[in-house]
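Listed here are the chains, written in short residue letters.
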Amino acid sequence: MSRAGVTSGHALSTFPCYRILPTAYLSLKLSACRAWQGLNRHRRKFVPPVFRAALVQPVPRELMLRLRFALPLGTRQQFSGKDLAMPTDTLIHGDCLRVLPELAAGSVDFILTDPPYLVRYRPRDGRGVAGDDNAAWLKPAFAQMYRVLQADGFCFSFYGWPHADRFMEAFRSAGFRPVGHFSFPKRYTSSVGHVRCQHECAYLLAKGNPNKPRNPLGDVIEWSENTGNKLHPTQKPVSVLLPLIETYSSVGGRVLDPFAGSGSSLLAAKTLGRGWLGIEIDQHYHAVASRRLANEGVGP
Ligand SMILES: C[S@@+](CC[C@H](N)C(=O)[O-])C[C@H]1O[C@@H](n2cnc3c(N)ncnc32)[C@H](O)[C@@H]1O
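Residues numbered from 1 in each chain as written. Predicted model: local features only at pLDDT ≥ 70, side-chain atom pairs only at ≥ 80, totals over all residues.

**As for the overall build of the protein**
- On a plain count of helices and strands, the protein comes out with 12 helices and 11 strands.
- When the 300 residues of the protein are sorted by exposure, 34% land in the buried category.
- Long-range pairs, those at least 24 residues apart, make up 71% of the contacts in the protein between residues at least 6 apart in sequence. (Helix = DSSP H or I, 4+ residues; strand = E, 2+ residues; numbered from the N terminus. Buried ≥ 20, exposed ≤ 12 C-beta atoms within 10 Å, placed from the backbone. Contact = placed C-beta atoms within 7 Å.)

**A short note on the nonpolar core**
- With 52 residues, the main nonpolar core has Ile-111, Met-145, Phe-156 and Ile-245 as its most contacted residues.
- Here the element with the most residues in this core is helix H10 (residues 238–248); it accounts for 6 residues.
- Other than its neighbours up to four places away in sequence, Ile-245 contacts Phe-110, Leu-112, Val-255, Ala-268, Ala-269, Leu-272 and Arg-274. (Core = buried A, V, L, I, M, F, W, Y, C linked by C-beta atoms within 7 Å.)

**Considering the site of the ligand**
- Taken together, 24 residues sit near the ligand, with Gly-131, Phe-259, Gly-261, Ser-262 and Ser-264 positioned nearest.
- For the shell around the ligand, the secondary-structure elements that each account for two or more residues are helix H7 (96–99) and strand E11 (275–280).
- Tallied by class, residues from the shell around the ligand come to 12 nonpolar, 7 polar and 5 charged. (Near = placed C-beta within 6 Å. Nonpolar A, V, L, I, M, F, W, Y, C, P; charged D, E, K, R; others polar.)

**Let's talk about helix H9 (residues 164–174)**
- By the burial criterion, the buried members of H9 are Phe-167, Ala-170, Phe-171 and Ala-174. One face of H9 carries all of its buried residues, which in axial projection span an arc of 100°.
- If you follow the buried residues of H9, they end up packed against helix H8 (138–148), strand E6 (177–185) and strand E9 (199–207). (Arc of directions from axis to C-beta.)

**Digging into the sheet that holds strand E10 (residues 254–257)**
- Strand order in this open sheet of 7 strands is E3-E11-E10-E4-E5-E9-E6, and the pairing throughout is mixed. Sheet topology places strand E3 (90–93) and E6 at the edges, where each strand pairs with a single neighbour. Each neighbouring strand pair of the sheet contributes to a mean axis angle of 15°, computed without reference to strand direction.
- Contacts from helix H12 (residues 283–294) reach E3 and E11 within the one sheet, and its direction differs from that of E3 by about 165°. (Pairing = 2+ DSSP bridges. Axes fitted to C-alpha atoms, helices over the stretch in contact; angles between N-to-C directions.)

**Some details on the packing of H10 against helix H11 (residues 264–271)**
- The interhelical angle for the contact between H10 and H11, taken along N-to-C directions, is 55°, at an axis separation of 9 Å. Between H10 and H11, the interaxial angle falls into the category oblique. As H10 packs across H11, the resulting crossing turns out to be right-handed. For the pair formed by H10 and H11, the contact residues are Val-238, Leu-241, Leu-242 and Ile-245 on the first element and Ser-264, Ser-265, Leu-267, Ala-268, Ala-269 and Thr-271 on the second.
- Within the contact of H10 with H11, the residues separate by chemical class into 7 nonpolar, 3 polar and no charged. (Parallel < 35°, antiparallel > 145°, perpendicular 65-115°, else oblique. Left-handed = near helix turned anticlockwise from the far one by under 90°.)

**Digging into unusual backbone geometry**
- A positive phi angle, near 55°, is found at Asp-89, a position not held by glycine.
- Looking at the secondary structure, you find Asp-89 in the loop between strand E2 (83–88) and E3.

**Quick word on the packing of H8 against H9**
- Between H8 and H9, the least distance of the axes is 8 Å, while the angle of their chain directions is 40°. Our classification of the angle between H8 and H9 gives oblique. With respect to the hand of their crossing, H8 and H9 are arranged in right-handed fashion. Contacts between H8 and H9 involve Leu-138, Lys-139, Phe-142, Ala-143, Met-145 and Tyr-146 from the former and Arg-166, Ala-170, Phe-171, Ser-173 and Ala-174 from the latter.
- Looking at side-chain class alone, the contact of H8 with H9 contains 8 nonpolar, 1 polar and 2 charged residues.

**A few points about H11**
- Within H11, 7 of the 8 residues are buried, which leaves the element mostly enclosed by the surrounding structure.
- If you check which residues of H11 are buried, you get Ser-264, Ser-265, Leu-266, Leu-267, Ala-268, Ala-269 and Lys-270.
- In this structure, the buried side of H11 is in contact with E3, strand E4 (108–113), H10, E10, E11 and H12.
- In the stretch just after H11, Gly-273 is the one whose phi turns positive, near 75°.

Encoded structure:
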């Protein structure tokens, strides 16, 4: 993890020893705590008092998360005062189907995501995209995104038009209501088949009844920049993501991208003073995004 956040005088600072103790000890401690929690009152009586204090003392929630997702212990994170299950300014290396269920319900303000398009995309350089060859993740991921989003909030999701029906089914079965559809015309052709592909598309989805933004965006946004996909085979330009975050989230709010890739959406969120939380399954892209987020520059 490369992002140096600010520890908010919360649980971590109360337990400074946990930062320096070896992971093996903490894992042992975690197992011991779990074992203690699994004992009924009768069996707990047989645990010698000398061990009890150590067993009963709970392992802080954020530490459990960090151990489970194998995040380096040196990473400093910021936690909101009310909710330890919601790390901020963090990029987690893991499968969002495993990570999202660990996050607290209603704890992110806006979701901006660019999931795999289900098109088995393989550019000439051979770089693939994890999850692009099957839709097993689609419904469970959107169900979890719905759960972790605030009660009245927006989710903005790019999608692959050849599977518009499957994406829409996943959005609706999660509980989302489409409230806008966006086209991003490009100045270049990204691939040629029956047509020359020159645009991207995305849905703006609502959970509940979010307030209408003061300055709603037009639903055609020019894709004026070509990233050249230098960092990721489907890299989105930060410049097209900035107005989305500016319009559909508020300063200080928390933006989630569970399919972070090279971290473009998180970088846009960081640039605009939002908290950010990303999940990326591919170790290489997780490292690329971490490096990118650690540098202050916006990049392509
Ligand atoms: C379309 S790309 C996102 C590209 C990103 N918008 C960018 O600008 O770099 C989708 C990303 O989701 C990741 N991914 C696929 N399945 C995932 C999962 N189950 N959990 C977390 N990340 C996943 C892929 O490795 C890929 O990097």
